[in-house]
Amino acid sequence: MNSTTPRRVEHHQTDRGYVPVYATGVVEQPWADYSRTDHEVWDTLYKRQRELLPGRACQEFLAGVERFGLGDGGIPKFADLNKVLGTTTGWELVAVEGLLPDEVFFDHLAHRRFPVSWWIRKPEQLDYLSEPDLFHDLFGHVPLLLNPVFADYMQAYGRGGMKAFAIGPEALMNLTRLYWYTVEFGLINTKEGMRIYGAGIVSSKGESIYSLDSPSPNRIGFGLERVMSTRYRIDTYQQTYFVIDSFEQLFEATRPDFTPIYAALGEQPAHAAGDVLDSDRVFTRGNREGWATNADT
Ligand code: PHE
Ligand code: FE
């Protein structure tokens, strides 16, 4: 977007020593360059989700949205949000152009830096776009960074990512499925009822409704190995959502060393996205209506 704007590229020290400056992917948020339309797209998407999510998203997420003042009008300035993060969980948002190489992304998370795409979708893309933009990254992911347990989980994930990256592509695939079924598409079983915490859901009007209300998908209790051995779909709403009981449960379940788990998972075939196993704790068995039949990722 707008490639003529010069942007300061920052340098970050990494655990693996020298990493070229450009490889961190970090730019300065070009806030003054956002158009009126960009700000209107933010306001429209914000309003839509803010009205939809009470009673659907978990309390921790909604509290984060309020605390950051994400609905104060127009696209938020990362510098303002970073003041709040700095005095709470110590995370920092960094602006990026888009998806980063795995190891760069993990390195940011391992240092409590969350990369956020600085550009926002066009008005004709309100309901769907194929790559993460500012609305997904910021509205979807950032509110939960104020929750201390979730904040620590994200950092642990980054460290785990560096490790999986060093082990090999199969380990990385197992770990990516964990991210997909928790950080992006997770549900949480609260006292008040089933709620959303996944960023891919809360940033999508359609999936915010479908994930909780549709009879099509399975809703299955979270299990570490179950999730890491389950393929997923990137082109449709999910066929299965995994349900945690608490962020503490998620953090504790992912605390062990994954090295032997990766080795064990490598010996067995993966489950299809829509499979229900005898060993599953089933909240809802989907009726599979409207499911695509081509292969999962
Ligand atoms: N415990 C994991 C490992 O040893 C790291 C991890 C923590 C991964 C939390 C994901 C989430 O690899
Ligand atoms: Fe995301």
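No experiment lies behind these values; they were computed from the predicted model shown.

Thresholds, definitions, all that
- Residues numbered from 1 in each chain as written.
- Chains lettered and ligands numbered in written order.
- Predicted model: local features only at pLDDT ≥ 70, side-chain atom pairs only at ≥ 80, totals over all residues.
- Heavy atoms only, no water.
- Pairing = 2+ DSSP bridges.
- Helix = DSSP H or I, 4+ residues; strand = E, 2+ residues; numbered from the N terminus.
- Axes fitted to C-alpha atoms, helices over the stretch in contact; angles between N-to-C directions.
- Contact = heavy atoms within 4.5 Å.
- Core = buried A, V, L, I, M, F, W, Y, C linked by side-chain atoms within 4.5 Å.
- Buried < 20%, exposed > 50% of the residue type's maximum accessible area, 1.4 Å probe, protein only.
- Donors = N, O, S within 2.8 Å, 3.2 Å for Na, K, Ca; no water.
- Near = heavy atom within 4 Å.
- Polar contact = N/O pair within 3.5 Å; in protein donor to acceptor, adjacent residues only side chain to side chain.
- Areas by Shrake-Rupley, 256 points an atom, 1.4 Å probe, with all protein chains shown as cover.
- Parallel < 35°, antiparallel > 145°, perpendicular 65-115°, else oblique.
- Left-handed = near helix turned anticlockwise from the far one by under 90°.
- Nonpolar A, V, L, I, M, F, W, Y, C, P; charged D, E, K, R; others polar.
- pLDDT = per-residue confidence, 0-100.
- Salt bridge = Lys/Arg side-chain N within 4 Å of Asp/Glu carboxyl O.

### Quick word on the sheet that holds strand 7 (residues 240–244)
Piece 1. Across the sheet, which stays open at both edges, the five strands sit in the order 5-4-7-6-8 with mixed pairing between neighbours. Where the open sheet ends on each side, the last strands, each with one partner, are strand 5 (193–196) and strand 8 (282–284). Across this sheet, the average inter-strand angle for adjacent strands is 35 degrees, counted without regard to direction.
Piece 2. Of the pairings in the sheet, the one linking strand 4 (residues 187–190) to strand 5 comprises four bridges and is antiparallel in character. Its bridge partner lying in strand 5, N189 is registered against M194.
Piece 3. Contacting strand 4, strand 5, strand 6 (218–221) and strand 7, helix 9 (residues 205–213) runs over the sheet at an angle of about 150 degrees to strand 5.

### Here's the deal with the nonpolar core
Piece 1. Counting residues in hydrophobic clusters, the biggest one holds 87 residues, and the most contacted among them are W42, F61, L93 and F114.
Piece 2. The leading source of residues in this core is helix 7 (residues 169–184), at eight residues.
Piece 3. When near neighbours in sequence (up to four residues on either side) are disregarded, F114 contacts W91, E92, L93, V94, L109, D137, H141, V142, L145, M154 and Y179.

### Topic: the coordination of the iron ion (ligand 2)
Piece 1. Only H136 (NE2), H141 (NE2) and E184 (OE) from the protein coordinate the iron ion (ligand 2), and they sit 2.0 to 2.1 Å from it.
Piece 2. Spacing between the donor residues of the iron ion (ligand 2) along their common chain follows H-x4-H-x42-E. Placement of H136 in helix 5 (residues 134–141) and of E184 in helix 7 is noted, with a sequence separation of 48 residues between them. An identical accessibility class is assigned to H136 and E184; each is buried.

### Side note on the site of ligand 1
Piece 1. By nearness alone, every residue bordering ligand 1 is listed as Y153, A156, Y157, G160, K163, L175, L178, T254, R255, P256, D257 and F258.
Piece 2. Between ligand 1 and T254 there is a distance of 2.7 Å, counted from a nitrogen atom to a backbone nitrogen or oxygen.
Piece 3. Within the backbone of P256, one N or O atom sits 2.7 Å away from a nitrogen atom of ligand 1.
Piece 4. Notes on ligand 1: free accessible area 330 Å², of which the protein chains cover 93%.
Piece 5. Every element with two or more residues in the shell around ligand 1 is listed here: helix 6 (148–167) and helix 7.
Piece 6. Top contributing element to the shell around ligand 1 by residue count: helix 6, with five residues.

### Some points on the packing of helix 1 (residues 36–52) against helix 9
Piece 1. Two elements in contact, helix 1 and helix 9, have axes separated by 10 Å at closest approach and are oriented at 15 degrees. Classed by the angle they form, the pair helix 1 and helix 9 counts as roughly parallel. Considering how the two elements wind past one another, helix 1 and helix 9 form a crossing that is right-handed. On helix 9, the residues that touch R48, Q49 and L52 of helix 1 are K205, S208 and I209.
Piece 2. Looking at the contact of helix 1 with helix 9, its residues break down into two nonpolar, two polar and two charged.

### Here we look at the confidence of the model for the chain
Piece 1. Averaged over the chain, the pLDDT score is 92; the fraction of residues at 70 or greater is 92%.
Piece 2. Confidence drops under a pLDDT of 50 for residues 1–9, and excluding neighbours within four residues, the segment shows 17 contacts in the predicted structure.

### Points about the pattern of salt bridges
Piece 1. With the rule as written, the count across this model stands at 14 salt bridges.
Piece 2. Across the pair E40 and R36 runs a salt bridge whose closest N-O atoms are separated by 3.5 Å. Of this pair, E40 and R36 both sit in helix 1, separated by four residues, roughly a single helical turn.
Piece 3. The salt bridge partner of R56 is D213, with a shortest N-O separation of 2.9 Å. In this pair, R56 sits in the loop between helix 1 and helix 2 (59–68) while D213 sits in helix 9, placing the two residues 157 residues apart along the sequence.
Piece 4. On the accessibility criterion, R56 (17% relative accessible area) is buried.

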